[in-house]
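Reading the structure
Spelled out, the chains give:
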2 protein chains.
Amino acid sequence: MIWNEKIECMERDELEELQLKRLQETVKRAFDKIPYYNKKYTENNVFPEDIETLKDIEKLPFITKDDLRESYPFGLFAVDRKKITEVHSSSGTTGKPVVSGYTPKDLDTWSETIARGLTMMGLGEEDIIQNTHGYGLFTGGFGVHYGSHKIGATIIPISTGQTRRQIEIMKDFGTTCLIFTPSYGIHLGEVAIEEGIDPKELGVKAIGFGAEMWTEEIRQKVEDIFGAKAYNIYGLTELMGPGVGIECEAQNGLHIPEDIYYPEIIDPNTLKNLGPNEKGELVLTNLYREGMPIIRFRTKDITSITYEPCECGRTLARMSRITGRSDDMIKVKGVAIFPSQIETALLKAGDVEPHYLIIVTRPHVLDEIEVKVEASKDLFFDGVKEMVNVKDRIAKSIENETGIRVKVTLVEPKSLPRFEGKAKRVIDERNLH
Amino acid sequence: MIWNEKIECMERDELEELQLKRLQETVKRAFDKIPYYNKKYTENNVFPEDIETLKDIEKLPFITKDDLRESYPFGLFAVDRKKITEVHSSSGTTGKPVVSGYTPKDLDTWSETIARGLTMMGLGEEDIIQNTHGYGLFTGGFGVHYGSHKIGATIIPISTGQTRRQIEIMKDFGTTCLIFTPSYGIHLGEVAIEEGIDPKELGVKAIGFGAEMWTEEIRQKVEDIFGAKAYNIYGLTELMGPGVGIECEAQNGLHIPEDIYYPEIIDPNTLKNLGPNEKGELVLTNLYREGMPIIRFRTKDITSITYEPCECGRTLARMSRITGRSDDMIKVKGVAIFPSQIETALLKAGDVEPHYLIIVTRPHVLDEIEVKVEASKDLFFDGVKEMVNVKDRIAKSIENETGIRVKVTLVEPKSLPRFEGKAKRVIDERNLH
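What counts, and where the lines are drawn
Residues numbered from 1 in each chain as written. Chains lettered and ligands numbered in written order. Predicted model: local features only at pLDDT ≥ 70, side-chain atom pairs only at ≥ 80, totals over all residues. Heavy atoms only, no water. Helix = DSSP H or I, 4+ residues; strand = E, 2+ residues; numbered from the N terminus. Rg over C-alpha atoms; globule rule 2.2 N^0.38 Å. Buried < 20%, exposed > 50% of the residue type's maximum accessible area, 1.4 Å probe, protein only. Areas by Shrake-Rupley, 256 points an atom, 1.4 Å probe, with all protein chains shown as cover. Lys, Arg positive; Asp, Glu negative; His and termini not counted. Charge placed at Lys NZ, Arg CZ, Asp CG, Glu CD. Pairing = 2+ DSSP bridges. Right-handed = clockwise from strand over helix to strand, strands pointing away. Core = buried A, V, L, I, M, F, W, Y, C linked by side-chain atoms within 4.5 Å. Contact = heavy atoms within 4.5 Å. Least-squares fit on C-alpha atoms with pLDDT ≥ 70 in both. Patch = residues over 30% accessible without salt bridge, like charges linked within 9 Å, V, L, I, M, F, W, Y side chains within 5 Å. Salt bridge = Lys/Arg side-chain N within 4 Å of Asp/Glu carboxyl O. Axes fitted to C-alpha atoms, helices over the stretch in contact; angles between N-to-C directions.

Some points on the overall build of chain A
Within chain A, the secondary structure is distributed over 12 helices and 21 strands. Here the C-alpha radius of gyration of chain A, 23 Å, is about what a compact globule of 433 residues would show, namely 22 Å. Projected onto its principal axes, the C-alpha positions of chain A cover 70 × 60 × 40 Å. Per-residue burial over chain A gives 58% buried out of 433 residues. For chain A, the accessible area works out to roughly 18,200 Å², and carbon and sulfur atoms hold 49% of it. Each charge class in chain A was averaged separately, 56 positive and 70 negative side chains, and the resulting centres sit 4 Å apart.

Observations concerning the pairing of strand E5 (residues 177–180) of chain A
Residues and elements named next belong to chain A. Every second residue of E5 is oriented toward a common face, with Cys 177 and Ile 179 on one face and Leu 178 and Phe 180 on the other, all of them buried. Pairing of strand E3 (residues 128–131) with E5 involves three bridges; the strand directions are parallel. Within E5, the position partnered with Ile 129 by the bridge is Cys 177. Assessed by its sense of winding, the connection that carries the chain from E5 through helix H8 (residues 182–194) to strand E6 (residues 206–209) is right-handed.

Notes on the nonpolar core
By size, the foremost hydrophobic cluster in this structure holds 149 residues, and its most contacted members are Ile129(A) and Ile129(B). Among all residues touching Ile129(A), those that are not within four sequence positions of it are Leu118(A), Leu123(A), Val144(A), Ser148(A), Ile151(A), Ala153(A), Thr154(A), Ile155(A), Ile156(A), Cys177(A) and Ile179(A).

Re the relation of the copies chain A and chain B
Each copy of the sequence occupies a distinct position, and chain A is placed on chain B by a rotation of 180° and an axial shift of 0.1 Å, giving an RMSD of 0.2 Å. Viewed as a symmetry operation, the transformation between the two copies matches a two-fold axis. No C-alpha of chain A approaches the rotation axis more nearly than that of Tyr135(A), which lies at 3.0 Å. A share of 100% of the interface residues of chain A reappears at the interface of chain B, consistent with the copies meeting face to face through the same patch.

Comments concerning a negative patch on the surface
Among the surface-exposed residues, Glu11(A), Asp13(A), Glu14(A), Glu16(A) and Glu17(A) lie close enough to one another that they form a single negatively charged patch. Here Asp13(A) is to be found in helix H2 (residues 12–33).

Remarks on the pattern of salt bridges
Two side chains that carry opposite charge are able to pair once their charged atoms sit near each other. All names here are of chain B. On inspection of all chains with the given rule, the structure shows 67 salt bridges over all chains. Between Glu 58 and Lys 55 there is a salt bridge, with the nearest N and O atoms lying 2.8 Å from each other. By relative accessible area, Glu 58 is classed as partly exposed at 34%. Across the pair Asp 392 and Lys 396 runs a salt bridge, and its minimum N-O distance is 3.3 Å.

So, the sheet that holds strand E18 (residues 352–361) of chain B
Residues and elements named next belong to chain B. Strand order in the open sheet formed by four strands is E20-E19-E18-E21, and the pairing between neighbours is mixed. In this open sheet, the two strands that pair with only one neighbour each are strand E20 (407–411) and strand E21 (426–428). Across this sheet, the average inter-strand angle for adjacent strands is 20°, counted without regard to direction. When E18 meets strand E19 (residues 368–375), the two strands line up antiparallel, connected through seven bridges. Residue Tyr 356 lies in a different strand from E19, and its bridge partner there is Val 373. Taken strand by strand, helix H10 (residues 339–349) contacts E18, E19 and E21, and its axis lies near 140° from that of E18.

Right, here's the structure in full:
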């Protein structure tokens, strides 16, 4: 158990004092030690001494994945490469991979953030954590591994795959915590049921979710399958890995270890900072990283942050579940909406297939949205009257989810395009630029 | 760099004193804390107080894989399971898997053994170690990972596969040490050459070999491809993992950290202990393991041990390269020979395919061996005279390798059986039992 009460329950003014001190040190070190920051800050005419308050962070330029790629592989190290003892990397499917370097102190800091999170999930040295995340350059596996060591739990570093063996080990070893991506978790549960094993009987008491987007419906499904609470674990390779946010037993937002990461929310279009509880793109800064401090990284992930104290007693800010990527965001009538919200609404409404297209137009002054969705085969045979009811139900469900009234068109089953890889769900016909 | 001079260059009498103390403690703890040992020792009428000298270890019964399976999963833990922070396991392809448990102290001990080995290979904090061993329940990946942390090198935990990415990372990150299985290493080199990259130009200075049997010819091939020395790393999940033996720059046997592991060599038939430099089955004992002490484990691996000081200055015993499994050993005319020796001899002789069968008979009083081997296609067309020459060359090569004169029969290409999985190379027609 790692319960850092001093930090996790710190009064906000005291926390902000600590954050400012660490931010100033970080910016100074980045400017002094890393030519890339030095050049970028100089070009933007901003210097370490300009950081007099936390709000002054807004003067600093953002760092994006492109900056990290330009600095590939080791251009953002603030220490001699010899002092870096571990390197991770993103998959590099869309260009040069991004590298993340760690000193022993960084590995310890990273472990601490995850250990605090595992503790939030109610885990301690009596627990057996079966970690189905892949190890390797991906940070998911190692993050949980190091965090587990720190709380003194028993880690089973089984990694991905071999589903039948995973189930056998759960049974034989008495696994009390599973770490998985939601989609793998559901698969694992289904295979267990196929084999005549009720996953609820296996004694799992907590599940850690990571490395994938998910909905509350999926969480519910996983919790029902395993008879255990599922907690959200969020993080990014660039910042260190998982542990940027982890849910506590209240399951009401992910606590950010704000002594380690400084979070901001910006409007991804105007790039202006937004206030508490406002939805926008998460921007993160390493406040306590020796090897490779990342300052104002645009995560592209859409969330909001609340600073209200949590019922668990922690005062640390909480971020909400990621609901989309800023790249996928559509701004309609001044409201930001995401394909994932439409998808959730469709699932809730029922009677339709998960194939849809969002068409945004601006016939006059106002934006209009049409959602084309495939009717289920049964519905299609039920005729027009039933279809009108379903259209109405879908429109209401979408309005519930997004606050926006849209036009719903039901189309024939299998009439919408299918996608290999990333689906293109939005057609924006407005001439906005 | 982890250079534990006190231990690694200790005088033998002092080392033996340390070993005896640790052996006595280990046996006592196993007897007191682990019911499995308690029962087994009581049945064999041997007790901790019977261990008065190192040689008294011979009074203790062996532990085999079957014992470990009977104790599956946690029956050989000497501490409360809560104190175990990591669990590894063998693949369990032939029955229940074998479990290996570690306390934090054990993980540290394990790291130390590998760190000493990486230091023997000339590595230190300036090095970049690309670890292509799989992580997960297999100990190969984590062993090297922890050892690398301990010497302060930069570990790239890339794991197996993605060969093109491996090569890109070698180039981009400046990898100075590769860890691989010989077969994967050769593949890696070949793919690099296909891509127009000379592996010798990549700056690799040391290679760690593990997790597979190999011959000196394969070592030579790997060293030629990468222009770097390749060092043998040996270990077993049951004992902790890799690190039981690692070669120093002299490449003349694997140093065993004898303060951590106590090695014996036995005759796998009589089970009697053999002397220095005698070839037989390696038996290992954990001298310094908290979580799961394994005492007198029959490894089935065939090697010999020398206690002569090494030119590197270390006084620790050295084991020779594993040349076979005791299960595969054939005793002929009082000499132990292994299919792997026949294979090496055939490769050296040339003009034949790597498909062979060893037939052992005892027509009268004396054993006779016939080696059937497929002639190469070319040779087969060259006719009888050439075949006689080749047969002679093969017989001499085998005699060189094993000291035994055998009958060689050349057979048509593709006439011998092929095997999926483990090949059956020996037909023993003697009625020995």
